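So you can see what is in the structure, the chains are spelled out below.
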Amino acid sequence: MAGAEAASPRPPVAVRPARRASTSSWPPLDRVAYWLCWATGIGLCLIAAAIVLYMLVKGISYVRLSMFVDSPAPSLHQTQSGGFSDPIIGTLLVTAIGTVIAAPLGVALAAWVSEYARPAWLSRAVESALEMVAGAPSVVLAIFGLLIFSQGFLGSLSQHSATGGVLGQSFLNAGIVMSALALPLVFASTRESLAQLPDRLREASYALGKTRATTIRRVLLPSVRPGIASGIVLGMGRIIGDTAIITILLGATLRNEPVGGTPLLGTLRGTGSTLTSYVFNNSPAGEGNSHEKAYAAAFVLLMIVLALNALVTRLTGEREPRIWGGRTWRVLRRGAGRLRWTR
Amino acid sequence: MYTGARKQDHGRSGARADRRAERTLGALAAAVLVLIGAMVVTVLIKAWPSFSHNGLGWFGAGGEVDTELRAMREGTPLAGHSIYYFRAWPLLWGTLVTTLAAVVLALIVSTFAAVFVTEFAPAPVRRALEPVIRLLAGVPSVVYGLIGILALAPWINEHLISNGRKQSVIYVVQLNGANLTTGTIILMVMITPIMVAISTNALASVPIAWREGSAALGVNRWRTIWRVSLRTARPAIAAATVLATARALGEAVMLAMVSGSRAFSANPLDGVTFLFEPVRPLAAEILQESEGLTIGPLGHTLYAIGAVLLVSAGLLSLAGWAAKQPLKRYGIRA
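Owing to the predicted nature of the structure, the values given are computational and were not obtained by experimental measurement.

Peer 1: Which residues make up the overall build of chain B, and what values go with them?
Peer 2: A count of helices and strands for chain B gives 13 helices and 0 strands. The linear arrangement of helices and strands in chain B, starting from the amino end, is α-α-α-α-α-α-α-α-α-α-α-α-α. Oriented by its inertia axes, the alpha-carbon framework of chain B measures out at about 75 × 60 × 30 Å. Buried residues in chain B amount to 52% of all 334 residues. Look at the contacts in chain B between residues 6 or more apart in sequence, and 80% of them connect residues 24 or more apart.

What follows is the structure in structure tokens.
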């Protein structure tokens, strides 16, 4: 190699395009700024790595498989205070309720604002109102929810207290208010994707004599499926990560406490906890104060968030934006067809 | 919005179905709008007794927040005051200090980081940074709080606060790891990724010809970024700052965990000690007193705190909208 290089004359340096900025000719202050850019970029990576590694170490040393099946128990001893099966069920329930409400509502609102938007003032008002909700603190949403759901006529959503008042705390109520966290995200993501669709898609559909409603349902929404999906997943992430609404509207009790005998409905009307409130209550700031349980639950929580993150990255991948939705549907449909034939 | 479709609807039943769909969706939108309006109104109504009993003094200083709230919880008014007596200044001050400090720090960090991502980062680093930023934005605040109170706070308590400093203010306030600095640092880490994401988008959409023009004039790369890219993206960066401010303002859980257990009005005149004094922001106070939301006067006071937060959030979203306006002129989406 070295011999070959010595034999052939080197090409002039100027011809080669510089692979990255050479700062040697810059004034000192500019060079400082350049290195500050590097420092902040690498710094962010290090912080993220530190958080993940720290939680990984803590999680691996404290998570036991039994924690996933044991209910929490009131005990000061870490060995007897049980696991977090109830909070995991709680997280799933609240996320499911919130998503089931927010997803269709967000898509419908986005479709209306982007395709109909008449009268114009109403659509502008809806947009700014949703933007305000996106910026509103979740504590405020929670106390508003408590105010509404402790009204008598909504008593069937939670339970009546001993004195006859409505408690206002239940999975249903928490889930409904949680949907307000996810709604702006689903809305914004869907609306953004709809705005980016070329008009020729709409024109082609109208040219075939399709109405606007049909165009939205059959052409536009199917082609923004990845955008909708990533909005939903982002919304789920926010729901899973929120603590304030859980503390105020779900009671953050030790165990899920169903009301009445009906299995699922009883749980939905009862109080309970999620992973976030479990972490909060077991941290030094809460009543439980057992570090190990808090770390273990926080680790599980972080893993869920990481998985959702990976999903978003997958959904919004730049290369082929529609492959996930398309392929999944195709596979599902083919699977369903096969199922029908074999049966 | 596409407006050219109305003429195309010729099928009669199809047109009717279309109109029905439009009306249904429009009604849905109106309902959501009404619900959001109702939220603002009900919170304000519920908050009114607290404001009307205290007047503008509500926002002023005087007395201990913790004592006042305890009096409401127990139903025994403080001597010489009504049961509603409340002075929110320590909480407002706590919110202002933590939010402002975190936002200013995050603005600096995120601007450099966004420039790094768009201009200087080699491709592999850039590919790594994207999930990193998404991760930092996605970590639940309770996890940040847990790390703060179990890892960062003890470290600060042991290494940064000397015993002499603790002794010097022992009769006024107890210093420990949960304090203004801890809260601000973690708050900064929480809001930086939001700002980086928006600023990066804006920087990336600055027309390349503008930067090339500057480079062709012999301006070095940093100066080009500083004078052309950042200046063009300034409205987007301002909008990102506003968004981050709203997020910081509403952060309750993490700050309830790490910013100190007492609604203390940290005093900047204390010098360095100021940095280690506990504070408690508005949102954290609601969370910490959430058991008392149904107790008459205490509830009204907490809703009043909520109303202040809600109005601030509304004003901030207005500010964000105003900040984004100049971008339309350049035809940049952000």
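Peer 1: Describe the environment of B:A307, and please don't skip the residues or the numbers.
Peer 2: All names here are of chain B. Examined against the element boundaries, A307 turns out to sit in helix α13 (residues 296-330). With 21 C-beta atoms counted inside 10 Å, the residue A307 sits in the buried group. Along the primary structure A307 and I45 are separated by 262 residues, whereas in three dimensions their C-alpha atoms are 9.2 Å apart. With residues near it in sequence (within four places) discarded, A307 still touches V43, L44 and A47.

Peer 1: With reference to specific residues and values, describe unusual backbone geometry.
Peer 2: Residue and element names in this part refer to chain A. The omega torsion across R118 and P119 is -5 degrees, close enough to zero to call that bond cis. Inspection of the secondary structure puts P119 in the loop between α3 (85-116) and α4 (120-135). Backbone geometry places A117, a non-glycine residue, at a positive phi of 55 degrees. Here A117 lies in the loop between α3 and α4.

Peer 1: Explain the packing of helix α5 (residues 138-149) of chain A against helix α6 (residues 171-196) of chain A to me, and be specific about the residues and the numbers.
Peer 2: All names here are of chain A. Between α5 and α6, whose axes approach to 10 Å, the crossing angle comes to 140 degrees. On the basis of their axis angle, the class for α5 and α6 is oblique. The two elements α5 and α6 meet at a crossing, and its hand is right-handed. Every residue of α6 that contacts α5 at S138, L141, A142, G145 and F149 is listed here: N173, V177, A180 and L181. For the contact of α5 with α6, the residue count by class is 6 nonpolar, 3 polar and no charged.

So, how was this worked out
Residues numbered from 1 in each chain as written. Chains lettered and ligands numbered in written order. Predicted model: local features only at pLDDT ≥ 70, side-chain atom pairs only at ≥ 80, totals over all residues. Helix = DSSP H or I, 4+ residues; strand = E, 2+ residues; numbered from the N terminus. Buried ≥ 20, exposed ≤ 12 C-beta atoms within 10 Å, placed from the backbone. Contact = placed C-beta atoms within 7 Å. Axes fitted to C-alpha atoms, helices over the stretch in contact; angles between N-to-C directions. Parallel < 35°, antiparallel > 145°, perpendicular 65-115°, else oblique. Left-handed = near helix turned anticlockwise from the far one by under 90°. Nonpolar A, V, L, I, M, F, W, Y, C, P; charged D, E, K, R; others polar.

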